[in-house]
Amino acid sequence: MSGGARLSLGPVLHYWEPERLRDFYLRIADEAPVEIVHLGEVVCAKRLPFLGGVLAEAAERLRAAGKEVVFSSLALPGEPRDLAVLRDLVDAAEGLVEANDFGAVRLLRGRPHTLGPYLNIYNEGTLSVLREGGAVRFCPPPELPGSAVARLIAGVGIACELQIFGRIPLALSARCYHARSRGRRKDNCQYACGEDADGMAVDTLDGQAFVAVNGIQTLSAGYLELSAAVAAARAAGVGIFRLVPQAVDMVAVAGLYRDLLDDRIAPAELRARLAETAPGVAFLDGYWYGRAGMLRVAG
Amino acid sequence: MSARMPERLELVCPAGTPAALRVAVRAGADSVYVGFRDETNARNFPGLNFSREELAEAVAFAHRHGVRVFVAVNTFPRAGEQELWHRAVDDALALGADALILADLGLACYARRRHPEARLHLSVQASAANPEAIALFRELAGIRRVVLPRVLTVGEIRALTEAIDVETEVFVLGGLCVMAEGRCLLSSYVTGRSPNMNGVCSPAEDVRYAEEEGMLVTRLGPVTVNRFGPGEPAGYPTLCKGRFLACGRASYLFEEPVSLSALEVLPALARAGVRAVKIEGRQRGRAYIEKVIRTVRAAAEAVAAGRPVPAVDLHELTEGGRETVGAYDKRWR
């Protein structure tokens, strides 16, 4: 049995064409063994005009399939249009909203909401203040080691959702690197980010995979893969495990982690089968063990 | 518009050591910011920062000259070990600090609770880039000033300053974070240590220089950050200013090795309602500190008097490096 552990799907971070995004969520609704799905544009408000209709339809279909829908907010609302997007989201959302910046936290105070991985939550003091404001669960920042995650859960008594699969969000900027890579500016980006469904590979001059660029966001080159830490995380009180969508068969990925949570497969087998689903991808776990995030420590 | 400029922009200047603080005070700083010699501040570099005794002496010296001292406690307290950061807050105020520069919401709330009269500033590391985020810190922790993240244009700073009821402070000279401050994990991704948790970025202990096939190669941990040909000036391997391969092409994808110089937009920043301008560089030497403070002070006085900003040779100030006005100009994005 899964002992109550739930799987969630994080928001799609990359700019997928509306048709692709629609097909993705319809398949998730019908086939993926996840209990919670995060919808919404987290990275760039310029993408939203094309996605709004798709996300509304996806929300309906996912709910009809019995899944909890959470709306994720922008991670770096700075420009005026970003704030308008944020206010609309908070006003219109049925159900929980995931705050990814402290502006969203303020707008959501006094009503139940969740705390996303883009908030700087490093200690009990901050998490307690946020819980008093209505937060019902938190997803820790990626660089937080497992020992600190355990301390936060024990010290504050709040539900925790932990990312265990997908690229690690590393940085945000006012500058769009996708546009810059094409010799353009953000205002005239021509949606270059839409050409890289899984992010733009950035290698060192030696040809070593370094990071992946997603518009204003920088992500890890490899995927976070924490199957070997799931048992310890559950013992520490993590109740929800998050899979961040990449351009691979996410229904298959969700199936593997579901089997892991239900003790049908071991981490080693999961990793072997994941390597077939995401060939050529490095699996990272260093942050969980208090090491450099680009390292692989377990297994 | 001149009604928006009641007085000269306040100069907030860095001091990495007691000697640098004395230089900054004499060179024309209105306020000096410092940190304790540990991981509670975002310039936790070897040989830098202040002991408790040094801070007490520095405060006395600065106050004799009518200069204020701000203490940065602007890393994020570690779970289970918040006491170290709480003590930094308590001690800085007991030793006479005029303001604390804080990044963590919980720590700011602690400071507010324990020291309701203390003047609290929100560090750039808090990444509060919109009126709602700033209002949250004001309502919960009573912050009176926000140091704005380097992600906003001058126009956006004007709109923001109008929309909030705390003072704004902006960076005008020195090192330039390309990523939103406090929202960047590149350093810990490569080295295990980060600005948010450890007060370091691309730490010197992890830097390696090597000669390979006539090229000078700079590395941080296992990552090659740049390769320089003969005669090419080699810079420190800060990750966001390295040369990388993308789309089959080697380039400074994130940013070139440049530093920030916003003196040309100083009049516009003053008109936008900005209260104070900040110089980055607690890791810098005394000669540099003295030169830049005199330069920025002269510029701020010119702006207040309605005169043009004096032309300065910034190449000399930035040690031959190149400058950018950064995100203050929309085209930077």
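Residues numbered from 1 in each chain as written. Chains lettered and ligands numbered in written order. Predicted model: local features only at pLDDT ≥ 70, side-chain atom pairs only at ≥ 80, totals over all residues.

1. Here's the deal with the overall build of chain B
And step 1. When you go through chain B residue by residue, the secondary structure sums to 11 helices and 15 strands.
And step 2. Its C-alpha atoms give chain B principal-axis dimensions of about 60 × 50 × 40 Å.
And step 3. Considering chain B as a whole, with its 333 residues, one finds that 56% of them fall into the buried category.
And step 4. Here the contacts in chain B between residues at least 6 apart in sequence split such that 63% fall between residues at least 24 apart. (Helix = DSSP H or I, 4+ residues; strand = E, 2+ residues; numbered from the N terminus. Buried ≥ 20, exposed ≤ 12 C-beta atoms within 10 Å, placed from the backbone. Contact = placed C-beta atoms within 7 Å.)

2. Observations regarding the packing of helix 1 (residues 18-27) of chain B against helix 2 (residues 52-64) of chain B
Residue and element names in this part refer to chain B.
And step 1. Axis separation between helix 1 and helix 2 bottoms out at 10 Å; the angle between their running directions is 10°. As the angle between them shows, helix 1 and helix 2 are arranged roughly parallel. Where helix 1 abuts helix 2, its residues P18, L21, R22 and V25 lie against E54, E57, A58, F61 and A62.
And step 2. Across the contact of helix 1 with helix 2, the residue classes tally to six nonpolar, no polar and three charged. (Axes fitted to C-alpha atoms, helices over the stretch in contact; angles between N-to-C directions. Parallel < 35°, antiparallel > 145°, perpendicular 65-115°, else oblique. Nonpolar A, V, L, I, M, F, W, Y, C, P; charged D, E, K, R; others polar.)

3. Considerations on the interface of chain A and chain B
And step 1. Facing the 53 residues of chain A at the interface are 56 residues of chain B.
And step 2. Class assignment of the residues belonging to the side of chain A that touches chain B gives a composition of 26 nonpolar, 14 polar and 13 charged.

4. Notes on the domain arrangement of chain B
It is common to give the size of an interface as the accessible area that goes away when the parts come together.
Residue and element names in this part refer to chain B.
And step 1. By domain assignment, chain B separates into domain 1 (2-176 + 258-332) and domain 2 (186-251).
And step 2. Here the C-alpha centre of domain 2 lies 27 Å away from the C-alpha centre of domain 1.
And step 3. Listed by partner, the interface residues are 10 residues for domain 1 and six residues for domain 2.
And step 4. Partitioned by chemical class, the residues of the side of domain 1 that touches domain 2 number three nonpolar, four polar and three charged. (Domains from an automatic or database assignment.)

5. Side note on the environment of G125(A)
And step 1. Tracing the sequence through the fold places G125(A) in helix 5 (residues 124-132).
And step 2. Spatially, the C-alpha atom of G125(A) lies 37 Å from that of V202(A), the residues being 77 residues apart in sequence.
And step 3. With residues up to four places along the chain from it excluded, the contact list for G125(A) reads P77(B), Q82(B), G106(B), L107(B), C109(B) and Y110(B).

6. Focus: the pairing of strand 6 (residues 135-138) of chain A
Residues and elements named next belong to chain A.
And step 1. In terms of strand pairing, strand 5 (residues 113-115) meets strand 6 through three bridges, oriented parallel. Following the sheet pairing, H113 is matched in strand 6 by A135.
And step 2. Note that the unit made of strand 5, helix 5 and strand 6 has a crossover that is right-handed. (Pairing = 2+ DSSP bridges. Right-handed = clockwise from strand over helix to strand, strands pointing away.)

7. A closer look at the environment of Y257(A)
All names here are of chain A.
And step 1. With respect to the element layout, Y257 can be found in helix 9 (residues 250-261).
And step 2. Here Y257 falls in the buried class, since 25 other C-beta atoms lie within 10 Å of it.
And step 3. Sequence separation of Y257 and V105 is 152 residues, and the distance between their C-alpha atoms is 31 Å.
And step 4. Other than its neighbours up to four places away in sequence, Y257 contacts L7, I164, F165, F241 and L243.

8. Section: the packing of helix 5 of chain A against helix 4 (residues 105-114) of chain B
And step 1. The geometry of helix 5 of chain A relative to helix 4 of chain B is characterised by a closest axis approach of 6 Å and an angle of 85° between their N-to-C directions. One way to sum up the angle between helix 5 of chain A and helix 4 of chain B is to call them roughly perpendicular. Side by side, helix 5 of chain A and helix 4 of chain B meet where G125(A), T126(A), S128(A) and V129(A) of the first sit next to L105(B), G106(B), L107(B), C109(B) and Y110(B) of the second.
And step 2. Among the residues forming the contact of helix 5 of chain A with helix 4 of chain B, the class breakdown is five nonpolar, four polar and no charged.

9. Observations concerning the pairing of strand 2 (residues 31-34) of chain B
The side chains of a regular strand alternate between the sheet's two faces.
Residues and elements named next belong to chain B.
And step 1. Residues S31 and Y33 line one face of strand 2 and the alternating positions V32 and V34 line the opposite face, and both faces are buried.
And step 2. Direction of pairing for strand 1 (residues 10-14) relative to strand 2: parallel, over a ladder of three bridges. The residue of strand 2 that forms the bridge with V12 is S31.
And step 3. Crossover handedness for the path strand 1 to helix 1 to strand 2: right-handed.
And step 4. Summarising the sheet, strand 2 and strand 3 (residues 68-73) pair through four bridges and their orientation is parallel. Paired with S31 across the strands is R68, a residue of strand 3.
And step 5. In this fold, the crossover linking strand 2 to strand 3 by way of helix 2 has right-handed handedness.

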